[in-house]
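Here is what each chain is made of, one letter per residue.
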Amino acid sequence: MLAVRLEEEKLSQKKESEKRNVTVQADDPISFMQLTAKNEMTSKEDQFQLSLLAAMGNTQRKEAADPLASKLNKVTQLTGFSDPVYAEAYVHVNQYDIVLDVLVVNQTSDTLQNCTLELATLGDLKLVEKPSPLTLAPHDFANIKANVKVASTENGIIFGNIVYDVSGAASDRNCVVLSDIHIDIMDYIQPASCTDAEFRQMWAEFEWENKVTVNTNIVDLNEYLQHILKSTNMKCLTPEKALSGFCGFMAANLYARSIFGEDALANVSIEKPIHLGPEAPVTGHIRIRAKSQGMALSLGDKINLSQKKANL
């Protein structure tokens, strides 16, 4: 086990050193998109998206599927098709802030004046500025952008409504209530590693604990552990050598760190009830510890939602 631990540490150090390699030389020319002639833009890719990814440092990560398809997966429908104003939002999470690109469509034959997107947040989210009102012609559409700042790792909710005046009508302002937008904490949690001594010290220091009962349809211990690691973005600190073989039970320590520097610890204690037959699902508990209550509760909710394997 000690030899395996040393090998893992060497591998992680090698990966870190590979990450630090210079990808752009100091004397490389910088091409400004605004100054580029139209005939020079031979690339068919979205230049704005490429420059945005380069600024975020995500140039190495390539979309597994079509980028447009991955964007469509993040579109949230806010109102119904029969509402006078149809709205849907593209939620773009960029580390410390969230950009909401809301498409607003006037489905009536009236001109909508002072059409305003009013947003409110629940959790550690803060709306940067109030979107300015606009006028929508009959069957016209417009895009409204709103920025939301994120301060800590916890499940946040953005809710609100669209209010507008109908030109020529004497009635009060009309209001369309929007569906809630749930912000997933998995965008902020990244797998990390620490020593056993650091893990024990943090486990003793952190005051918030959330105990989640295992309720799954997975029958294999290793498969359940891998499923939890995938759905929570956590890293297993217990060496693979210690988890190999089959003895009816398993205990593993998991660790992750958020982009805000918050630590999250988890201890998975699961067993296979052999007396119930080979097809009996895994049972046990997962204990989560964190410095903040929001992170402990949010991780517990995430595990509860995703611990059952979807039937294909």
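Residues numbered from 1 in each chain as written. Predicted model: local features only at pLDDT ≥ 70, side-chain atom pairs only at ≥ 80, totals over all residues. Heavy atoms only, no water.

The name given to the chain in an unreviewed UniProt entry is Coatomer beta subunit appendage platform domain-containing protein, with Oryzias javanicus as the source organism.

## Comments concerning the pairing of strand β8 (residues 156-166)
Alignment of strand β4 (residues 112-122) against β8, held across 9 bridges, turns out to be antiparallel. Residue pairing across strands places alanine 120 opposite phenylalanine 159, the latter belonging to β8. Relative to strand β9 (residues 174-177), β8 runs antiparallel, the two sharing 4 bridges. Considered in β9, the bridge of asparagine 161 is made with valine 177. (Pairing = 2+ DSSP bridges. Helix = DSSP H or I, 4+ residues; strand = E, 2+ residues; numbered from the N terminus.)

## What to know about the sheet that holds strand β3 (residues 97-106)
The 5 strands are arranged β1-β2-β3-β7-β5 in an open sheet whose pairing can be described as antiparallel. Looking along the sheet, the strands with just one partner apiece sit at the ends: β1 (75-77) and β5 (125-127). Looking at each pair of strands side by side, their axes are set apart by 30° on average, direction ignored. The pairing of β5 with strand β7 (residues 141-150) spans 3 bridges and is antiparallel. Pairing of leucine 127 across the sheet is with valine 148, part of β7. (Axes fitted to C-alpha atoms, helices over the stretch in contact; angles between N-to-C directions.)

## Details of the nonpolar core
Membership of the largest hydrophobic core comes to 30 residues, with the highest contact counts inside it found for Tyr224, Leu225, Leu254, Ile270 and Ile286. When residues of this core are traced back to their parent elements, those giving at least two are α5 (221-232), β14 (249-258), β15 (263-271), β16 (283-290) and α7 (293-306). Ranked by residue count, the leading element in this core is α5, at 5 residues. With sequence-adjacent residues up to four places away left out, leucine 225 is seen in contact with Cys236, Leu243, Met250, Ala252, Leu254 and Val268. (Core = buried A, V, L, I, M, F, W, Y, C linked by side-chain atoms within 4.5 Å. Buried < 20%, exposed > 50% of the residue type's maximum accessible area, 1.4 Å probe, protein only. Contact = heavy atoms within 4.5 Å.)

## Concerning unusual backbone geometry
With a phi angle near 50°, asparagine 114 is a residue other than glycine that sits in the positive phi range. Position of asparagine 114 among the secondary structure elements: in strand β4. Residue asparagine 114 is classed as partly exposed on the basis of its relative accessible area, which comes to 39%. Despite not being glycine, histidine 139 has its phi angle at roughly 60°, a positive value. Looking at the secondary structure, you find histidine 139 in the loop between β6 (134-136) and β7. Overall, the relative accessible area of 54% leaves histidine 139 in the exposed class.

## A word on the confidence of the model for the chain
Mean pLDDT over the chain stands at 79; residues scoring 70 or higher make up 81%. Predicted confidence is poor over residues 41-45, with pLDDT under 50, and the contacts of this stretch with residues over four places away or in other chains come to 4 contacts. When the criterion is pLDDT under 50, residues 59-66 qualifies, and its contacts beyond four places in sequence or with other chains add up to 4 contacts. (pLDDT = per-residue confidence, 0-100.)

## As for the side chain of threonine 232
Considering the arrangement of structural elements, one finds threonine 232 in helix α5. The exposure class of threonine 232 is buried, given its relative accessible area of 0%. There is a polar contact of 2.7 Å between the side chain of threonine 232 and the backbone oxygen of isoleucine 228. Contacts of threonine 232, omitting those with residues within four sequence positions, involve Met186, Ile189, Leu299 and Ile303. (Polar contact = N/O pair within 3.5 Å; in protein donor to acceptor, adjacent residues only side chain to side chain.)

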